[in-house]
Amino acid sequence: MPYGWRVLNVLEAGLNFHRRTFFFGDSFLLAGVANRFNGGFPEGQAWSRPEPLLIGLEAPLSGDQRANGRDIWRGAKLAAEQVNREGGILGRRVKLLRADDQPILSGSYLRRRGADAVIGPYNSAVGVINLPWYVDKKILPVHLTSTNQTDGLGVTVQPKNDQIAPVDIAYITSREVTRVSMLVDPSDFTSDLADQVEKGLEAEGVEVKRFSITPGSADYQAEIAQALASNPQLVYSSSYYPEGSKIARDLVASGTSAEPFMCLSNVDAAFVTEAGLKVARRCTFSGTPESAQLPDAQNYVNAYRERFDREPNVWGAFTYDSLKLLDTTMEEVGSTRYKTVLDQLRQTTGYEGQTGRISIDRITGNRVKVPVFALRVNGQGTFVVKDDA
């Protein structure tokens, strides 16, 4: 059949062919024309190739958290490459835009580049500033923040503080401790999480003493001395890496019998390197284990190893799922429009992701059930689910 007749037949059939269907003739490729055709092509743009769909990836790509940030980038990159091999989203090739996690600056950069959506930010302190701005500018956010201050600002497949805190409280009370000291970074995520854990422990009759730390300090020996003065049975560190690794190292060096408990933001391969394996193995963590430990992530893990020649860390699997969910949703609604896609994302039920089954709360935009556990570091330096939790 002549090429022109094939195109005509497609158009007459109602423009309902699937995005993975391609028509070749001469050197022309038609992919997803049904999703772009609107009564004819604009003059001077006949049969032009669709513009790429621009998706920002905002994460800590430099600085102390760069190991996490680069894993986050690789997870999204792997998903984008797979989507593009299958024809893109609605016939449009996905192009990722790298943005370092910074208040205002990263958002302004993504808007200048014309981003349609953004996966991120990762850091909650950045998210409380950038996410309202993205919403206002109709750049669709599938964010990675955990503070509940960002509820309702787009959607997320990552754990939130009101989902992490109950895991922490359940573990601590299972240890039958009556005295806990908390070392708390005043940042948005860590202070919000500490507030919820403190309230929950006190409701269970646990005596809690709380001490603030200053991020960036060379050591935390003075704060640890204060925390240990009340003879706690467990010291809860609500901090980021690298502060958490310094706290763990100084706690173990003090000779205390108190159990070091490190919150979710310390689940980072760099923590083990910085604190040392011996110290890391003394600690309990809350969070998600590395991707290879997730029961549904084997396809992701194998593809990641093949593509990047390294082991995946923790959070790349979540950005992989974020982009794949965005792809699926845009295909379902046949649109990349902000409100249309956001409304459909918030109706997500039972999506089979690499981090497990994903359903989204329609009001908060948060994932309903998250893979958060009490963790330990094994002899190989890997974060795994703690057997006695």
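Residues numbered from 1 in each chain as written. Predicted model: local features only at pLDDT ≥ 70, side-chain atom pairs only at ≥ 80, totals over all residues. Heavy atoms only, no water.

K.L.:
Account for the sheet that holds strand 7 (residues 155–156), naming residues and giving values.
P.N.:
Taking strand neighbours across the sheet as the criterion, the five strands line up as 4-3-5-6-7 in an open arrangement whose pairing is parallel. Taken across any chain shown, the strands that pair with only one partner, and hence form the sheet edges, are strand 4 (94–100) and strand 7. Looking at chain direction, strand 6 (residues 140–143) and strand 7 are connected through two bridges and run parallel. Looking across to strand 7, one finds that His143 is bridged to Thr156. (Pairing = 2+ DSSP bridges. Helix = DSSP H or I, 4+ residues; strand = E, 2+ residues; numbered from the N terminus.)

K.L.:
Could you give me a rundown of the environment of Gly152, with the residues and numbers involved?
P.N.:
Within the fold, Gly152 resides in the loop between strand 6 and strand 7. The exposure class assigned to Gly152 is partly exposed, which follows from its relative accessible area of 30%. Spatially, the C-alpha atoms of Gly152 and Gly365 are 5.4 Å apart, while their sequence positions differ by 213 residues. Beyond its immediate stretch of four places on either side in the chain, Gly152 contacts Arg346, Ile363 and Thr364. (Buried < 20%, exposed > 50% of the residue type's maximum accessible area, 1.4 Å probe, protein only. Contact = heavy atoms within 4.5 Å.)

K.L.:
With reference to specific residues and values, describe the sheet that holds strand 15 (residues 373–377).
P.N.:
Read across the sheet, seven strands follow the order 9-8-10-11-12-15-16 without closing on themselves; strand pairing throughout is mixed. Each edge of the sheet is formed by a strand with only one pairing partner; in this case those strands are strand 9 (207–212) and strand 16 (383–385). Between one strand and the next, the sheet's axes are offset by a mean angle of 30°, whatever the strand orientation. Note: strand 8 (residues 179–184) against strand 10 (residues 234–238), five bridges, orientation parallel. Directly across from Met182, in strand 10, lies its bridge partner Tyr236. Of the strands in this sheet, strand 8, strand 9 and strand 10 are in contact with helix 7 (residues 221–228), which crosses strand 8 at around 160°. (Axes fitted to C-alpha atoms, helices over the stretch in contact; angles between N-to-C directions.)

K.L.:
Go over the packing of helix 3 (residues 105–112) against helix 4 (residues 124–136) with me, naming the residues and quoting the values.
P.N.:
The N-to-C vectors of helix 3 and helix 4 enclose an angle of 25°; their axes lie 9 Å apart at closest approach. The orientation of helix 3 with respect to helix 4, classified from their angle, is roughly parallel. When you trace helix 3 past helix 4, the crossing you get is right-handed. Each of Ser106, Gly107, Ser108, Leu110 and Arg111 in helix 3 lies in contact with helix 4, whose residues at this interface are Asn130, Trp133 and Tyr134. (Parallel < 35°, antiparallel > 145°, perpendicular 65-115°, else oblique. Left-handed = near helix turned anticlockwise from the far one by under 90°.)

K.L.:
Tell me what's going on with the pairing of strand 12 (residues 284–287), and back it up with residues and numbers.
P.N.:
Both faces of strand 12 are covered, namely the face carrying Thr284 and Ser286 and the face carrying Phe285 and Gly287. Judged from the two bridges that link them, strand 11 (residues 259–262) and strand 12 form a sheet pairing that is parallel. Considered in strand 12, the bridge of Phe261 is made with Thr284.

K.L.:
Give a description of the environment of Ser212 that names residues and reports values.
P.N.:
Within the secondary structure layout, Ser212 lies in strand 9. C-alpha separation for the pair Ser212 and Glu223, spaced 11 residues apart in sequence, amounts to 7.8 Å. Setting aside its immediate chain neighbours within four residues, Ser212 contacts Val184, Pro186 and Glu223.

K.L.:
Could you give me a rundown of empty space enclosed by the protein, with the residues and numbers involved?
P.N.:
Counted by the stated rule, this structure contains one cavity of 30 Å³ or more. Every residue along the wall of the largest cavity is listed here: Tyr122, Asn123, Ser124, Leu144, Ser146, Gln158, Phe189, Tyr240, Leu264, Ser265 and Trp315. Looking at side-chain class alone, the lining of the largest cavity contains six nonpolar, five polar and no charged residues. (1 Å grid on protein atoms, 1.4 Å probe; cavity = no way out; pocket = protein on both sides within 12 Å on 5 of 7 lines; lining within 4 Å. Points joined across faces, edges and corners; volume = space filled by probe spheres on them. Nonpolar A, V, L, I, M, F, W, Y, C, P; charged D, E, K, R; others polar.)

K.L.:
Outline unusual backbone geometry, supporting the account with residue identities and numerical values.
P.N.:
Apart from glycine, the bulk of residues carry a negative phi angle, and the bulk of peptide bonds sit in the trans form. That bond from Gly120 to Pro121 is cis: its omega, 0°, falls within 30 degrees of zero. With omega at 15°, the peptide bond leading from Tyr241 into Pro242 counts as cis. Mapped onto the elements, Pro242 comes out in the loop between strand 10 and helix 8 (243–253). Phi is positive for Ile104, which is not a glycine, with a value near 70°. Relative to the assigned elements, Ile104 resides in the loop between strand 4 and helix 3. Judged by relative accessible area, which is 55%, Ile104 ranks as exposed. Positive phi is not limited to glycine here, since Asp309 has a value of about 55°. Mapped onto the elements, Asp309 comes out in the loop between helix 11 (298–308) and helix 12 (316–333). Residue class for Asp309 comes out exposed when judged on its relative accessible area of 71%.

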